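Here is what each chain is made of, one letter per residue.
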Amino acid sequence: MKAKKRLLAAMMIIAVSLGVLSGCGADSGSEQPSADGVDGETTVLKMGHVYAEDYPMHLAMQQMSDYIYENTDGRYRIDLYANSTLGGESDLIEGVNIGTVDLCFTASTPLANTAPAISYLDLPFLIEDYDHADAVFFDPESPIRTSIMSDIDAAGFKALTLMENGFRQLFTNKDVQTVDDLKGLKIRVMENALHLELWEALGASPTTMSASEALTGLQQGTIDAMEVFNTAAVANGYAEMVSHYVETNHIYTCGVLLMSPRVWNNLSTEDQTVFEEAALLAMESNNQELRESDEAERDYIINDLVDSHAALDQDQLREMVQSVYDRHPEYADMVAQIHALAD
């Protein structure tokens, strides 16, 4: 790997370590809410997520906050806490569930630990492309969207909207040109049974660890690879630490904007409408910006960061992971409904 990349990698490790030690701060310009959540005539709500302040999702949440403040005549203000300031996604999910955090954005993958009815969303190659994702998750008439949000609400949340995270790709220090090269690949995955089953079916050697640990693991060689979205790979420095980029599109991850039912139930009907309108505006902004960013970062990764780029045969990959579907007949009905929306 080039000296410049090694220097950038080392700098990223230091930055991440300092961020963890300092705990980061609230979003710049945000005031700390008072103990009772009310600042004068304005009720201040805390919203957390794990992304940086220049990430498309954070910018969309800022637009949402502005819309809510303006359209409730200043009765509600959302203070954003980026960079895992209020905890990781599992911490945020628990906080919203018990009412210590008012809102959060999370991927559906960790949420499935609390709302197991949506676990099928992490099946490999379930979503074919962006058009299919739109039909499943973002069309207001989609029965799958309605079902997902209902299942999330039943688990103790208010799901304001679904939002995009994107297609996951493979970032590796081991040259992978064909599916055979996946055999024995030491890859970091999220703590999710279906993710483990996916990579085991492909012959790899998956292991679960935190994203920050993966940074160190890639640098020290304790893992060969990790899988993540293009935008997140660049934003968090993973792409700087690998020499090979492999397009797999193996899982499309949906995100969810969660709200505490305690807060939701205290809103007037008119204010609930404002919150829902703001959430849909945020969804549209996030999805558009994130897709543009993901494509731009893909080009940057291929042209400026890695030594090689490959795209694995999708049909061959799908055939290899069929065993994951065979192991979970309980998901067959939802899978059939989702596949039907791709027609």
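In case you missed it, the structure is sitting above this.
Please read all numbers here as calculations on a predicted model, not as lab measurements. (Residues numbered from 1 in each chain as written. Predicted model: local features only at pLDDT ≥ 70, side-chain atom pairs only at ≥ 80, totals over all residues. Heavy atoms only, no water.)

Asks: So, the pairing of strand β7 (residues 186–189): which residues are in play, and what are the values?
Replies: Where β7 meets strand β8 (residues 205–208), 4 bridges bridge the pair, whose relative direction is parallel. Note on β8: the bridge partner recorded for Ile-187 is Pro-206. In this region the chain leaves β7, passes through helix α7 (residues 193–201) and returns to the parallel neighbour β8; the handedness of that crossover is right-handed. Here β7 pairs with strand β9 (residues 225–228) via 2 bridges, running parallel. Residue pairing across strands places Arg-188 opposite Met-226, the latter belonging to β9. (Pairing = 2+ DSSP bridges. Helix = DSSP H or I, 4+ residues; strand = E, 2+ residues; numbered from the N terminus. Right-handed = clockwise from strand over helix to strand, strands pointing away.)

Asks: Summarise the pattern of salt bridges; cite the residues concerned and give the values.
Replies: Under the counting rule described, the total for this entry stands at 12 salt bridges. A salt bridge links Arg-75 to Asp-271, with the nearest nitrogen and oxygen atoms 2.5 Å apart. Pair noted here: Arg-75 is in the loop between α2 (56–71) and β3 (76–81) and Asp-271 is in helix α11 (residues 269–305), with a separation of 196 residues, a long-range link. Of the residues examined, Asp-271 reaches a relative accessible area of 4% and is grouped as buried. When the shortest N-O distance is used, the salt bridge between Arg-77 and Asp-79 registers 2.9 Å. Of the residues examined, Asp-79 reaches a relative accessible area of 2% and is grouped as buried. What you see here is one network of salt bridges that share partners, running through Glu-247, Glu-295, Arg-298 and Asp-299. (Salt bridge = Lys/Arg side-chain N within 4 Å of Asp/Glu carboxyl O. Buried < 20%, exposed > 50% of the residue type's maximum accessible area, 1.4 Å probe, protein only.)

Asks: A description of helix α14 (residues 332–340) should follow, citing residues and the corresponding values.
Replies: What sets the pattern is the α-helix's 3.6 residues per turn: residues three or four places apart point alike. Buried within α14 we find Met-334, Val-335 and Ile-338. Down the axis of α14, the smallest arc covering the buried residues is 100°, so these residues share one side. The inward-facing, buried residues of α14 abut α5 (130–138), α6 (143–154) and α13 (322–326). (Arc of directions from axis to C-beta. Contact = heavy atoms within 4.5 Å.)

Asks: Lay out the sheet that holds strand β6 (residues 169–172) in plain terms, naming residues and giving numbers.
Replies: Taken together, 6 strands build an open sheet; the order of strands is β8-β7-β9-β6-β10-β12 and the sheet is mixed. Looking along the sheet, the strands with just one partner apiece sit at the ends: β8 and β12 (308–311). When the angles between neighbouring strand axes are averaged without regard to direction, this sheet yields 25°. The sheet contact formed by β6 and β9 spans 4 bridges and is antiparallel. By the bridge assignment, Leu-170 is partnered in β9 with Glu-227. (Axes fitted to C-alpha atoms, helices over the stretch in contact; angles between N-to-C directions.)

All we've got here are geometric facts, nothing functional implied.
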